[in-house]
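Geometric and topological summary
Residues per chain are reported as follows:
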Amino acid sequence: MRISGVAALLCLPVLAVAAGCGSSSSGGSGAGSAQVSPATSSTALNQNGCTPPPPLQTKHQSYASEPKMTISPTTYTATIVTNCGTIVVAMDGKAAPHTVNSFNFLASKGFFSDTKCHRLTTSGIDVLQCGDPTGTGTGGPGYTIPDENLAGATYPVGTVAMANAGPNTGGSQFFLVYGPSQLGPAYTPFGHITSGLDVIKRVAAAGSNPPGDGAPLQPVVIETFTVTKGAPAAS
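Read on for an overview of the structure. Predicted, not measured: the structure shown is a model, and the values here were computed from it.

Points about the packing of aromatic side chains
Going through the model one piece at a time under the given rule, you end up with 12 aromatic pairs. For the pair Phe 103 and Phe 174, a centre-to-centre distance of 5.6 Å together with 75 degrees between the ring planes defines the contact as edge-to-face. In this pair, Phe 103 is assigned in helix α2 (residues 97–108) and Phe 174 in strand β7 (residues 174–177), connecting sequence segments 71 residues apart. Of the two residues examined, Phe 103 and Phe 174, each falls in the buried class. Considering the side-chain rings of Phe 175 and Tyr 187, the 5.9 Å spacing of their centres and the 80 degrees angle between planes classify their relative orientation as edge-to-face. With Phe 175 in strand β7 and Tyr 187 in the loop between β7 and β8 (189–195), this pair connects stretches of sequence that are 12 residues apart. Take Phe 175: its relative accessible area is 0%, and that puts it in the buried class.

Rendered as structure tokens:
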């Protein structure tokens, strides 16, 4: 299902997936940050600064409930290594604890590894959307998390926020804002890009299919996604 209109453009049917998943192989409790070495490749970069994407994951994880809270109310760093370059995000564990805790948990399980960023918008709003292990725009972790940090929320360039299917239906899908985007305060903003914005802009310059809102013509695959406690190192 596609929801029309700029204000609702990021509402995807994540809830349907969360409600329709089979039983989890493990509960949502207990997780720490897993350290995964960034992927390296000797393959030559193409004109968009990307290497050929790796094979996508075929077995998708599902969990019965939101993981128990294990993070502290402080800044965490998400390091997202893609075939087009590395994106570093400072995540606000104080303003969006449920969201950051969920990313910490999922990253520790390798949930995002070898998943593609399935949606690029270049008209009305400028975002790259990732985090769906199925790559269809309908996938999620099997549970939902509450909205957070919405009072007065805006989405300037560099914002990282949750996609959803309506109030309190966030799962694992998130979007990275790379250009001017007028959105109402309906999508949990939980972090900001500290490096790698150029990676997203190169992908956006290649366009989407269909034009304006669709799959990126330059495939972007998350190779590794790691979360560590503390602010990103100064670049």
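Having put the structure on the table, let's press on.
Observations regarding the nonpolar core
Counting residues in each nonpolar core, the largest one holds 39 residues, and the members touching the most others are Met 91, Phe 174, Leu 176 and Phe 225. Take this core: its biggest share by element is 5 residues, from α2. Discounting chain neighbours no more than four positions away, the residues touching Phe 225 are Ala 78, Thr 79, Ile 80, Phe 103, Ala 107, Phe 112 and Phe 174. Ranked by size, the runner-up nonpolar core spans 10 residues in total, among them Val 127, Ala 153, Ala 163 and Tyr 187.

Observations concerning the state of the cysteines
Taken as a whole and assessed by the stated rule, the structure comprises 2 disulfides. Here Cys 50 pairs with Cys 84 through a disulfide, and the sulfurs are 2.0 Å apart. The disulfide joining Cys 50 to Cys 84 has a torsion of about 110 degrees about its S-S bond and is therefore right-handed. Remark: Cys 84 occurs in the loop between β1 (75–82) and β2 (85–92) and Cys 50 occurs in the loop between α1 (14–20) and β1; sequence separation between them is 34 residues. For the pair Cys 50 and Cys 84, a shared accessibility class is recorded, and that class is buried. Covalently, Cys 117 is tied to Cys 130 through a disulfide, its sulfur atoms 2.1 Å apart. Residues Cys 117 and Cys 130 share a disulfide whose torsion about the S-S bond is about 95 degrees; that sign makes it right-handed. Here Cys 117, found in the loop between β3 (115–116) and β4 (119–123), pairs with Cys 130, found in strand β5 (residues 125–130); they are 13 residues apart in sequence, far enough to count as distant. Across the pair, exposure class does not vary: Cys 117 and Cys 130 are buried alike.

Rules behind the numbers
- Residues numbered from 1 in each chain as written.
- Predicted model: local features only at pLDDT ≥ 70, side-chain atom pairs only at ≥ 80, totals over all residues.
- Heavy atoms only, no water.
- Phe/Tyr/Trp six-rings, centres within 6.5 Å; stacked < 30°, edge-to-face > 60°.
- Helix = DSSP H or I, 4+ residues; strand = E, 2+ residues; numbered from the N terminus.
- Buried < 20%, exposed > 50% of the residue type's maximum accessible area, 1.4 Å probe, protein only.
- Core = buried A, V, L, I, M, F, W, Y, C linked by side-chain atoms within 4.5 Å.
- Contact = heavy atoms within 4.5 Å.
- Disulfide = S-S within 2.5 Å.

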